[in-house]
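# Working through the structure, step by step
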4 protein chains.
Amino acid sequence: MTEVSERECVTLEELKKKMADFARERDWDQFHSPRNLLLALVGEVGELSEIFQWKGEVPKGLPDWKEEEKVHLGEELSDVLLYLVRLSDICGVDLGKAALRKVQLNAIKYPVKLNNDDNNNNKSFSESD
Amino acid sequence: MTEVSERECVTLEELKKKMADFARERDWDQFHSPRNLLLALVGEVGELSEIFQWKGEVPKGLPDWKEEEKVHLGEELSDVLLYLVRLSDICGVDLGKAALRKVQLNAIKYPVKLNNDDNNNNKSFSESD
Amino acid sequence: MTEVSERECVTLEELKKKMADFARERDWDQFHSPRNLLLALVGEVGELSEIFQWKGEVPKGLPDWKEEEKVHLGEELSDVLLYLVRLSDICGVDLGKAALRKVQLNAIKYPVKLNNDDNNNNKSFSESD
Amino acid sequence: MTEVSERECVTLEELKKKMADFARERDWDQFHSPRNLLLALVGEVGELSEIFQWKGEVPKGLPDWKEEEKVHLGEELSDVLLYLVRLSDICGVDLGKAALRKVQLNAIKYPVKLNNDDNNNNKSFSESD
């Protein structure tokens, strides 16, 4: 695990390759169709939601959570990420490039204002137009 | 956009910083509580699902999709990723490190077998035990 | 609309029939496969989540919501219900009967206690065993 | 269980009352805030998705599913329904009335056509305008 702890720059490309190797080595490519992976992703989002479901509002940084709860949270966040990376790969989408492009589009859509007073109603940067 | 197209190694750390800057510049930190971000993530997963909802089974690589559909798909995949990165950051979880650790755990849980015959029932690498 | 307002007992069976008629009259049965409907359901859950995503904790009864927001909420809750009813029908599941059975199972799994002190950890009545 | 099997008309009102009684008897009202219930609903939708995730396309009626798989499916569909009913109640929304109204709105939005040729692109009856 030392190896992992010292890493600072995990790339999406690296995760993509790990997932592709993982599937190929286990002969799982046959199951990794786009909609199968999408439903698996939805399943993981459900497990992520279950962690938060009975907690009421939760402050940033999760100050009152036990270490084991945080580890569990990290695992569920990772499951969502790994299926998302795999789904993108199987669909032929370069997720890293698409994400950088989306950040640029968001910056155009929601320009920084000197006066933020009227910004409250459009804080979602991902709504459909 | 040239800048984006030439990039090969987008890191999760880089996306995290971009999202943090984006929120701070727009005074949106006040809205980025864990459960707000989680529900925003669920909303984006819903939009991602809508892209696939009436299509029946879809082959790998999406050979019959129009270019604009693929661009739209890339945007929705990105929205899920960006909220996931932001949620992890706000929760104090190092998503890249957690993802590498999860891949290692999965490799232990689902060892590669010489004979894959009995692998069909445990192909989900993220089930709770 | 008067007709609707005076109704007190909407049955799942009635909604099932309305959805089946609706689809047949529009020649939509061809699109209503189990996984198509499931993804449509996920899409609606996403829209439902978007209503709540930037609101922080919301008190019961939604005392501060505008009437139009409540109407919108009713529409999204309905969309989830209608796809759920349709999905159940297409899968051959009697949803009303299954729901009554599940309530009975939950009552066995979570018996009423005179002393509720140790009830806090198992308040989800639907976890997998 | 005989009682359940013979029922034909399960109403949403009846499920609402059962859920309210269930929560009150266990002192769970304190946990049933709108966003807690919404996240619980998302968790159940995740479990429902997991049932379908590795199956590829599934035909209507689920002809090849084992009886125990169908029973499990009925339980997950029910969990989604029960949380949806409870969430609606806690939000002060009459779900049955809202659903009937939504069906009427859908009928106006998607009128039956003698010629269905151009119906293929708007088969989702719940898109936002």
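Residues numbered from 1 in each chain as written. Chains lettered and ligands numbered in written order. Predicted model: local features only at pLDDT ≥ 70, side-chain atom pairs only at ≥ 80, totals over all residues. Heavy atoms only, no water.

Chain A is annotated in an unreviewed UniProt entry as dCTP pyrophosphatase 1 of Protea cynaroides. What UniProt states about chain A under its Cofactor (unreviewed entry) heading is, verbatim, "Mg(2+)". (UniProt positions renumbered as here; feature names shortened; annotations may be inferred.)

### Digging into the overall build of chain A
A count of helical and extended segments in chain A gives 5 helices and 0 strands. When the helices and strands of chain A are read in sequence order from the N terminus, they spell out α-α-α-α-α. Classification of the 129 residues of chain A by burial places 56% in the buried group. Roughly 5,700 Å² of accessible area belongs to chain A as shown, and the carbon and sulfur atoms make up 47% of that amount. (Helix = DSSP H or I, 4+ residues; strand = E, 2+ residues; numbered from the N terminus. Buried < 20%, exposed > 50% of the residue type's maximum accessible area, 1.4 Å probe, protein only. Areas by Shrake-Rupley, 256 points an atom, 1.4 Å probe, with all protein chains shown as cover.)

### With respect to the interface of chain B and chain C
In many reports, interface size means the accessible area that the parts give up when they come together. Taken together, the 21 residues of chain B in the interface contact 21 residues of chain C. Across the contact surface, chain B and chain C share 2 salt bridges. Salt-bridge contacts for Arg35 of chain B lead to Glu57 of chain C; the nearest nitrogen and oxygen are separated by 2.8 Å. At the surface where chain B touches chain C, the tally comes to 4 residue pairs in polar contact (both at pLDDT 80 or more). Of all the elements, helix α3 (residues 34-52) of chain B adds the most residues to the side of chain B that touches chain C, at 13 residues. (Contact = heavy atoms within 4.5 Å. Salt bridge = Lys/Arg side-chain N within 4 Å of Asp/Glu carboxyl O. Polar contact = N/O pair within 3.5 Å; in protein donor to acceptor, adjacent residues only side chain to side chain.)

### Description of the packing of aromatic side chains
Working definition: an aromatic ring pair is given by the centre-to-centre distance plus the angle between the planes. Here the structure, examined in full by the defined rule, presents 16 aromatic pairs over all chains. Centroid distance Phe52 of chain B to Trp65 of chain B: 5.3 Å. Interplanar angle 50°. Geometry classified as tilted. Of this pair, Phe52 of chain B sits in helix α3 while Trp65 of chain B sits in the loop between α3 and α4 (67-91), placing them 13 residues apart in sequence. Comparing Phe52 of chain B with Trp65 of chain B shows no difference in burial state: the two are buried. Ring centres of Trp54 of chain B and Tyr83 of chain C lie 6.2 Å apart, and the angle between their planes is 50°; on these two criteria the pair is classed as tilted. Of this pair, Trp54 of chain B sits in the loop between α3 and α4 while Tyr83 of chain C sits in helix α4 (residues 67-91), placing the two residues on different chains. For the pair shown, Trp54 of chain B and Tyr83 of chain C are each scored as buried. Sitting over the ring of Phe22 of chain C, Arg26 of chain C keeps its end group 3.6 Å from the ring centre. (Phe/Tyr/Trp six-rings, centres within 6.5 Å; stacked < 30°, edge-to-face > 60°. Lys NZ or Arg CZ within 6 Å of the ring centre and 35° of its normal.)

### Concerning unusual backbone geometry
Positive phi outside glycine occurs at Leu62 of chain A, with the angle close to 50°. According to the relative accessible area criterion, Leu62 of chain A is buried, its value standing at 0%. In this structure, Asp27 of chain C is a non-glycine residue whose phi angle is positive, near 60°. With respect to the secondary-structure elements, Asp27 of chain C resides in the loop between α2 (12-25) and α3 (34-52).

### Concerning the relation of the copies chain B and chain C
Rotating chain B by 180° about the axis while translating it 0.0 Å along that axis superimposes it on chain C, leaving an RMSD of 0.0 Å. The superposition of one copy onto the other is thereby described by a two-fold rotation axis. Minimal C-alpha distance to the rotation axis in chain B is attained by Gly46 of chain B, lying at 2.1 Å. A shared binding surface is used by both copies, with 100% of the interface residues of chain B retained as interface residues in chain C. (Least-squares fit on C-alpha atoms with pLDDT ≥ 70 in both.)

### Section: the interface of chain B and chain A
Each partner contributes to the interface: chain B provides 87 residues, whereas chain A provides 87 residues. Overall, the association of chain B and chain A removes approximately 7,700 Å² of surface from exposure, summing both partners, and the carbon and sulfur fraction of that is 69%. In this structure, Lys102 of chain A and Asp79 of chain B form a salt bridge, with 2.9 Å as the shortest nitrogen-oxygen distance. The tally of links between chain B and chain A comes to 22 residue pairs in polar contact (both at pLDDT 80 or more). Of all elements in the fold, only α1 (2-6), α2 (12-25), α3, α4 and α5 (95-109) of chain B reach the threshold of two or more residues within the side of chain B that touches chain A. For the side of chain B that touches chain A, the element with the most residues is α4 of chain B, which contributes 16 residues. By residue class, the composition of the side of chain B that touches chain A is 43 nonpolar, 22 polar and 22 charged. (Buried area = accessible area lost by both parts, 1.4 Å probe. Nonpolar A, V, L, I, M, F, W, Y, C, P; charged D, E, K, R; others polar.)

### As for the pattern of salt bridges
Here the structure, examined in full by the defined rule, presents 36 salt bridges over all chains. The residue Lys55 of chain B makes a salt bridge to Glu69 of chain B at a minimum N-O spacing of 3.0 Å. Taken together, the residues span a long stretch of sequence, with Lys55 of chain B in the loop between α3 and α4 and Glu69 of chain B in helix α4 at a distance of 14 residues. Here Asp29 of chain D and Arg86 of chain D are joined by a salt bridge, their closest N and O atoms 2.6 Å apart.

### Regarding the packing of helix α5 (residues 95-109) of chain A against α2 of chain B
Relative to each other, α5 of chain A and α2 of chain B sit at 10°, their axes nearing to 11 Å. Between α5 of chain A and α2 of chain B, the angle falls in the class roughly parallel. Along its contact with α5 of chain A, which presents Ala99, Leu100, Val103, Asn106 and Ala107 of chain A, the element α2 of chain B presents Glu14, Leu15, Lys18 and Phe22 of chain B. Taken together, the residues of the contact of α5 of chain A with α2 of chain B sort by class into 6 nonpolar, 1 polar and 2 charged. (Axes fitted to C-alpha atoms, helices over the stretch in contact; angles between N-to-C directions. Parallel < 35°, antiparallel > 145°, perpendicular 65-115°, else oblique.)

### Focus on helix α5 (residues 95-109) of chain C
An α-helical segment advances 3.6 residues per turn. Residues three or four places apart therefore align on the same side. Here α5 of chain C contains 15 residues, and its C-alpha end-to-end distance of 20 Å stays within 8% of the 21 Å for a straight helix at 1.5 Å per residue. Listed in full, the buried residues belonging to α5 of chain C are Leu95, Gly96, Ala98, Ala99, Leu100, Lys102, Val103 and Asn106 of chain C. (Expected span 1.5 Å × (residues − 1).)

### Let's talk about the relation of the copies chain B and chain A
Superposition of chain B onto chain A requires a rotation of 180° combined with a translation of 0.0 Å along the rotation axis, giving an RMSD of 0.0 Å. With an isologous cut-off of 70% or more, the 100% of interface residues of chain B that recur at the interface of chain A puts this contact in the isologous class.

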